[in-house]
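Chain by chain, the residues run as shown.
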Amino acid sequence: MNIVLLGPPGAGKGTLAKTLTKEFKIAHISTGDMLREAVKKGADIGKTAKKYMDRGELVPDDIVVSIVAARVSGEDLKNGFLLDGFPRNEKQADRLDNSLNETGKKLDLVLYLKTSQATSIKRLSGRIVCVKCDANFHLTNMPPRRKGVCDYCAGKLIQRDDDREATVKRRLTVYESQTRSLIDYYKQKGILREVSGDLDIEQLFKSAKMLFEREGLS
Ligand code: AMP
């Protein structure tokens, strides 16, 4: 099964993606994670991407599309994949279709996490991430056992640079102006399904899983 998760920053895409990909044994492809990895490694792509990410802007399409195209055409995706954070505009969506066509694949479903702005802001402003293993926590919704310390690897927990207030505002504006139109784009293709991103993560997982089963995808 080949899935796209769509929704504003703070909709819970990353957290949901982790549980769904584990449950259905499909690959998790997160462009945000891949870009952050490139930044950490000091790769050329990472250096360019960081300038955009720190401002809450989209990284240029050519960079992101080339990383995704290489990944979705990989042989290791026999059970399928879940794309998290990609596509983010219609050009990326068209290029994704082309890459999939070339390898005889197609998208089965686009899951839209319809999320209020209040939820997005609450999730992003309280999010803390591990500098070592990238695990995510939340100051109130999912606090670590020890303050400031990762439950899994004892790494230090910090706020992501782009989760600061001004950048969060910009990311939400960028979503409205560049990404939201993908809802209609995929509606017209007949593959858009919706669940509420305002649900807590366990409920969200249950709703998504039930929907996949109803759609005959499990
Ligand atoms: P995310 O972790 O998905 O919220 O992404 C963090 C940042 O990475 C975004 O604010 C963008 O700067 C960049 N990014 C991630 N995915 C994309 C994409 N598909 N197109 C352009 N930029 C992206």
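Further up the page is the structure itself.
Residues numbered from 1 in each chain as written. Predicted model: local features only at pLDDT ≥ 70, side-chain atom pairs only at ≥ 80, totals over all residues. Heavy atoms only, no water.

K.L.:
Is there a simple way to think about the environment of Leu124 in this case?
P.N.:
Along the chain, the position of Leu124 falls in helix H6 (residues 117-126). When the C-alpha positions of Leu124 and Leu96 are compared, they lie 27 Å apart, and in sequence the two are 28 residues distant. Contact partners of Leu124, with chain neighbours within four places excluded, come to Pro9, Gly10, Asp163, Val168 and Arg171. (Helix = DSSP H or I, 4+ residues; strand = E, 2+ residues; numbered from the N terminus. Contact = heavy atoms within 4.5 Å.)

K.L.:
I'm lost on the site of the ligand in this one. Help?
P.N.:
Around the ligand lies a shell of 16 residues, among which Thr31, Arg36, Glu57, Arg88 and Gln92 are the nearest. Residue Arg36 places a side-chain N or O atom 2.9 Å away from an oxygen atom belonging to the ligand. Between the ligand and Arg88 there is a distance of 2.9 Å, counted from a nitrogen atom to a side-chain nitrogen or oxygen. Here the ligand loses 95% of its free accessible area of 480 Å² to cover by the protein chains. Among the elements that take part in the shell around the ligand, helix H2 (residues 31-41) stands out by supplying four residues, more than any other. Tallied by class, the residues present in the shell around the ligand amount to six nonpolar, four polar and six charged. (Near = heavy atom within 4 Å. Polar contact = N/O pair within 3.5 Å; in protein donor to acceptor, adjacent residues only side chain to side chain. Areas by Shrake-Rupley, 256 points an atom, 1.4 Å probe, with all protein chains shown as cover. Nonpolar A, V, L, I, M, F, W, Y, C, P; charged D, E, K, R; others polar.)

K.L.:
Would you take a moment to explain the nonpolar core for this structure?
P.N.:
Considering soluble globular proteins, one finds that nonpolar side chains tend to be buried as a cluster. Residues Phe81, Leu83, Leu96, Leu107, Val110 and Tyr186 are the most contacted members of the largest nonpolar core, which totals 30 residues. Counting only elements with at least two residues in this core, the list comes to strand S1 (2-6), strand S2 (27-30), helix H3 (44-55), helix H4 (61-72), strand S3 (81-84), helix H5 (90-102), strand S4 (109-114) and helix H8 (182-188). No other element matches H4, which puts five residues into this core. Excluding residues that lie within four positions of it along the chain, Leu107 makes contacts with Asn2, Val4, Phe81, Leu96, Leu100, Tyr186 and Ile191. Core analysis: the next-biggest nonpolar cluster, separate from the first, contains 20 residues, Ile3, Leu16, Leu20 and Leu111 among them. (Core = buried A, V, L, I, M, F, W, Y, C linked by side-chain atoms within 4.5 Å. Buried < 20%, exposed > 50% of the residue type's maximum accessible area, 1.4 Å probe, protein only.)

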